[in-house]
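Here is how the chains run, residue by residue.
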Amino acid sequence: MSNRARFVINRAAFREQVLKSPMLQRQIQSACEEAAGKGIEVESRDGINRSGAVMRCPERDETKHGLLTQATGRINL
């Protein structure tokens with residue numbers, strides 16, 4: 001029988017140090033910009049609980065060429 005481990009995370013500290021980390025935000029933003037090809041718009045988002053980047057392109061381009069699918073496959077962190 002295995003023993004159980006219990007982890008207690010300080011949610012406020014985790015949110016500030018990981019989910020809203022300026023260093024991670026810069027890395028995510030630059031990785032998305034490098035991966036985004038022609039026709040993809042990259043925008044930085046700063047939310048209440050977490051930060052990130054948004055990649056957008058017209059639906060017709062995603063349907064026809066799979067631009068967002070290809071871009072997410074090229075993201076390298």
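One can find the structure itself at the top, above this paragraph.
Cut-offs used in this document
- Residues numbered from 1 in each chain as written.
- Predicted model: local features only at pLDDT ≥ 70, side-chain atom pairs only at ≥ 80, totals over all residues.
- Heavy atoms only, no water.
- Helix = DSSP H or I, 4+ residues; strand = E, 2+ residues; numbered from the N terminus.
- Rg over C-alpha atoms; globule rule 2.2 N^0.38 Å.
- Buried < 20%, exposed > 50% of the residue type's maximum accessible area, 1.4 Å probe, protein only.
- Areas by Shrake-Rupley, 256 points an atom, 1.4 Å probe, with all protein chains shown as cover.
- Lys, Arg positive; Asp, Glu negative; His and termini not counted.
- Charge placed at Lys NZ, Arg CZ, Asp CG, Glu CD.
- Pairing = 2+ DSSP bridges.
- Core = buried A, V, L, I, M, F, W, Y, C linked by side-chain atoms within 4.5 Å.
- Contact = heavy atoms within 4.5 Å.
- Salt bridge = Lys/Arg side-chain N within 4 Å of Asp/Glu carboxyl O.

Participant: Help me get a handle on the overall build of the protein chain, residues and values and all.
Facilitator: Within the protein chain, the regular secondary structure consists of four helices and two strands. The globule rule puts the C-alpha radius of gyration for 77 residues at 11 Å, and the 17 Å found for the protein chain is more than 25% above it. Counting only C-alpha atoms and orienting by the principal axes, one finds that the protein chain spans roughly 50 × 35 × 20 Å. The proportion of buried residues among the 77 residues of the protein chain is 21%. Carbon and sulfur atoms form 51% of the exposed surface of the protein chain, whose accessible area is close to 6,500 Å². Positive and negative side-chain charges of the protein chain, numbering 13 and 9 respectively, have mean locations separated by a distance of 9 Å.

Participant: Outline the pairing of strand 1 (residues 41-46), listing residues and values.
Facilitator: For strand 1 and strand 2 (residues 51-56), the ladder comprises six bridges, and the chain directions are antiparallel. Of the residues in strand 2, the one forming a bridge with Val42 is Met55.

Participant: Lay out the nonpolar core with the relevant residues and their values.
Facilitator: Membership of the largest hydrophobic core is limited to seven residues, which are Cys32, Ala36, Ile40, Met55, Cys57, Leu67 and Ala71. In contact with Ala71, not counting residues within four places along its chain, are Ala35, Ala36, Ile40 and Met55.

Participant: Tell me about the pattern of salt bridges, and name the residues and values.
Facilitator: Scanning all chains against the criterion turns up five salt bridges. Across the salt bridge formed by Arg45 and Glu43, the nearest N and O atoms sit 2.9 Å from each other. On the accessibility criterion, Arg45 (41% relative accessible area) is partly exposed. Of the charged contacts, one joins Glu43 and Arg56 as a salt bridge, the two residues approaching to 2.3 Å between their closest N and O atoms. You can see Glu43 sitting in strand 1 and its partner Arg56 sitting in strand 2, a full 13 residues away along the chain. With a relative accessible area of 36%, Arg56 lands in the partly exposed category. One network of salt bridges, in which partners are shared, links Glu41, Glu43, Arg45 and Arg56.

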